[in-house]
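Secondary and tertiary structure notes
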Amino acid sequence: MTARPQTPAPPPQPKPDACFDADWLALRRAADSAARSPALEARAADWLRRRRAAAGADAPLRLVDLGSGSGANPCHLAPRLPGPQHWTLIDHDAGLLDRARVACTGLRDAEGGAVRTETRHLDLGAVDARTLADADLVCASALLDLVDATWLDRLAEACSASGSALLITLSVDGTWRFLPDSASAEASAPCAPDADDDFVRAAFNAHQRRDKGLGAALGPDAAPALAAQLRSRGLQVELAPSPWRLALAAPAQAELARALIDGWRDAACAQQAQARARIAAWHGRRSADCRHGRGTLELGHIDLFAAP
Ligand SMILES: C[S@@+](CC[C@H](N)C(=O)[O-])C[C@H]1O[C@@H](n2cnc3c(N)ncnc32)[C@H](O)[C@@H]1O
């Protein structure tokens, strides 16, 4: 009997809710880098040094980045971690992976060695114990809120089976607030408390729980849920806050804040269509704070490091 030729798997078809604009990812990069927990990065570096000592100095350390987008995570982490490093970047967006390849060209590890990267155009729904079998460190940034509890369970199981560590950064915790700062408090129109912040935040957080292709998204509950899954398998887990603090008087940070506010308005309107006028009025007030450089927008994230 002749074997039938294998049909290659069709390329992933991302849901619109799980597609991210390259300009948005570029806009958030500086705030992300400033927010990440250096203490947990140091833990990851120590872990990799120990793995390297156990395996022999020449064997490359295997790092996997889930939901890589345009490569912000390896670009930030590679120079902070020991080498030699071999990264596998996984995403369902081929265009973003093209950008990631360019962004990672010429990357160096903490010891100055060249960093190797490969990309995999893959849906994260297909990530399993085999995908992560060789990994020393599994990473992701700004991803976790998109996934459901079953996917986290599979991730925790796969990492526990392979004995790899995890560094999962910049997972939203569902909080944000506008703070008057000393300069703006003295200004004629300081950034004022707004009763509708709570309303818009609740609508946005509810919208975040919609299915983005990986089941009912956990949104802000994802990082604590992953921590619990990993602890139940005996891994040591550390969490650290990694909030964005956007000074609205700084033009680049105000631009990021404006993009956030626009996104919150759109999601809140999709979630609470009957409250469009109320949400539009809130958007107008908070946009004015950005325009006039009034106060600071603080948005909560959680970083997680876990090791066997
Ligand atoms: C918010 S972006 C973060 C990108 C990058 N990690 C960063 O920090 O800039 C989320 C990324 O996850 C990818 N993604 C979302 N759902 C996915 C899925 N089901 N399979 C593969 N990639 C997915 C998106 O294409 C996007 O690149």
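Rules used throughout
- Residue numbers restart at each chain and count upward from 1, following the sequence in its written direction.
- For a predicted model such as this one, the threshold for reporting local features is a pLDDT of at least 70, and the threshold for listing and counting side-chain atom pairs is 80 or more; totals across whole chains, interfaces and linings nevertheless cover every residue.
- We count a stretch as a helix when DSSP gives it H or I for four or more residues in a row; a strand needs E for two or more, and each element gets its number in order from the N terminus.
- This radius of gyration counts C-alpha atoms alone. The globule rule is 2.2 Å times how many residues there are, raised to the power 0.38.
- Counts of 20 or more other C-beta atoms within 10 Å of a residue's own C-beta define buried residues, counts of 12 or fewer define exposed ones, and intermediate counts define partly exposed ones; C-beta atoms are placed from the backbone.
- Here the contact rule is simple: place C-beta atoms from the backbone, and any two residues whose C-beta atoms are within 7 Å are in contact.
- Proximity of a residue to a molecule or strand is defined by its backbone-placed C-beta atom lying within 6 Å of that partner.
- Residue type decides the class: Asp, Glu, Lys and Arg count as charged, Ala, Val, Leu, Ile, Met, Phe, Trp, Tyr, Cys and Pro as nonpolar, and the leftover types, Gly among them, as polar.
- Angles run from 0 to 180 degrees between N-to-C directions of axes, and those axes are lines fitted to C-alpha atoms, restricted for helices to the stretch in contact.
- To sort the angles, those under 35 degrees are grouped as roughly parallel, those over 145 as roughly antiparallel, those from 65 to 115 as roughly perpendicular, and the leftovers as oblique.
- For any pair of crossing helices, the crossing counts as left-handed if the nearer helix is rotated counterclockwise from the farther one by less than a right angle, and right-handed if it is rotated clockwise.
- Linking buried Ala, Val, Leu, Ile, Met, Phe, Trp, Tyr and Cys residues through C-beta atoms within 7 Å yields a set, and such a set is a nonpolar core.
- Note that the arc is defined by the directions from the helix axis to the C-beta atoms.
- The span one expects for a helix is its residue count, reduced by one, times 1.5 Å.

**Quick word on the overall build of the protein**
- What the protein contains, in helices and strands, is ten helices and eight strands.
- Taken over the C-alpha trace, the protein has a radius of gyration of 21 Å; the compact-globule value for 308 residues is 19 Å, and the two agree within 12%.
- For the protein, the spread of C-alpha atoms along the three principal axes comes to 75 × 50 × 40 Å.
- Looking at the protein as a whole, 43% of its 308 residues qualify as buried.
- Within the protein, contacts between residues at least 6 apart in sequence are counted, and of these 85% link residues at least 24 apart.

**Thoughts on the site of the ligand**
- The environment of the ligand is formed by 21 residues, the closest being Gly67, Gly69, Ala72, His92 and Leu124.
- Classifying every residue of the shell around the ligand by side-chain character gives ten nonpolar, eight polar and three charged.

**Some words on unusual backbone geometry**
- Along the chain, Gly83 connects to Pro84 via a cis peptide bond; the corresponding omega equals -5 degrees.
- Structurally, the position occupied by Pro84 is in the loop between helix 3 (72-77) and strand 2 (85-91).
- Look at Ala142: it is not a glycine, yet its phi comes out positive at around 55 degrees.
- Along the chain, Ala142 turns up in the loop between strand 4 (137-141) and helix 5 (149-162).
- Exposure remark for Ala142: the 20 C-beta atoms within 10 Å place this residue in the buried category.

**Description of the packing of helix 1 (residues 22-35) against helix 9 (residues 251-271)**
- Two numbers describe how helix 1 lies on helix 9: the axes approach to 10 Å, and their chain directions differ by 125 degrees. Between helix 1 and helix 9, the angle falls in the class oblique. For helix 1 against helix 9, the interelement crossing comes out left-handed. Only Ala252, Gln253, Glu255, Leu256 and Ala259 of helix 9 make contact with helix 1, whose side of the interface consists of Trp24, Leu27, Arg28, Ala30 and Ala31.
- Its residues placed into classes, the contact of helix 1 with helix 9 shows seven nonpolar, one polar and two charged.

**Quick word on the environment of Ala31**
- Its location among the elements puts Ala31 in helix 1.
- Residue classification places Ala31 among the buried positions, given that 20 C-beta atoms sit within 10 Å.
- On a C-alpha basis, the gap between Ala31 and Asp123 in space is 27 Å, while along the polypeptide they are 92 residues apart.
- Those residues in contact with Ala31 that lie beyond four places of it in its chain are Trp244, Leu246, Gln253 and Leu256.

**Quick word on the packing of helix 5 against helix 8 (residues 222-231)**
- Running from N to C, helix 5 and helix 8 cross one another at 40 degrees; their axes reach a closest spacing of 9 Å. The angle between helix 5 and helix 8 places the two elements in the oblique class. Once helix 5 is placed against helix 8, the crossing between them reads as right-handed. Of the residues in helix 8, those in contact with Ala149, Leu152, Asp153 and Ala156 of helix 5 are Ala222, Ala225, Leu226, Gln229 and Leu230.
- Considering only residue class, the contact of helix 5 with helix 8 consists of seven nonpolar, one polar and one charged.

**A look at the nonpolar core**
- Formed by 81 residues in total, the largest nonpolar core has its most connected members in Leu137 and Leu226.
- For this core, the element with the highest residue contribution is helix 9, accounting for nine residues.
- Here Leu226 is in contact with Leu144, Leu152, Ala156, Ile168 and Leu304, once residues within four sequence places are set aside.

**Things to note about helix 4 (residues 94-104)**
- All of the buried residues in helix 4 are Leu96, Leu97, Ala100, Ala103 and Cys104. Seen end-on, helix 4 carries its buried residues on one side only, within an arc spanning 115 degrees. Those residues of helix 4 that are exposed and angled more than 90 degrees off the buried face are Ala94, Gly95 and Val102.
- Packing partners of the buried residues in helix 4 comprise helix 1, helix 3, strand 2 and strand 3 (116-121).
- Gly106 sits one or two residues past helix 4 and shows a positive phi near 85 degrees.

**Focus on helix 10 (residues 276-291)**
- Relative to the 22 Å expected for 16 residues at 1.5 Å per residue, helix 10 spans 22 Å between its end C-alpha atoms, a close match to the ideal helical length.
- All of the buried residues along helix 10 are Ile279, Trp282, Arg286, Asp289 and Cys290. For helix 10, the arc enclosing every buried residue in end-on projection is 100 degrees, short of the 170-degree limit, so these residues lie on one face. Turned more than 90 degrees off the buried face of helix 10, the exposed positions are Arg276, Ala277, Ala280, Gly284, Ala288 and Arg291.
- Here the buried face of helix 10 lies against strand 5 (165-179), helix 7 (196-208) and helix 9.
- Within two residues after helix 10, Gly293 carries a phi angle of roughly 65 degrees, on the positive side.

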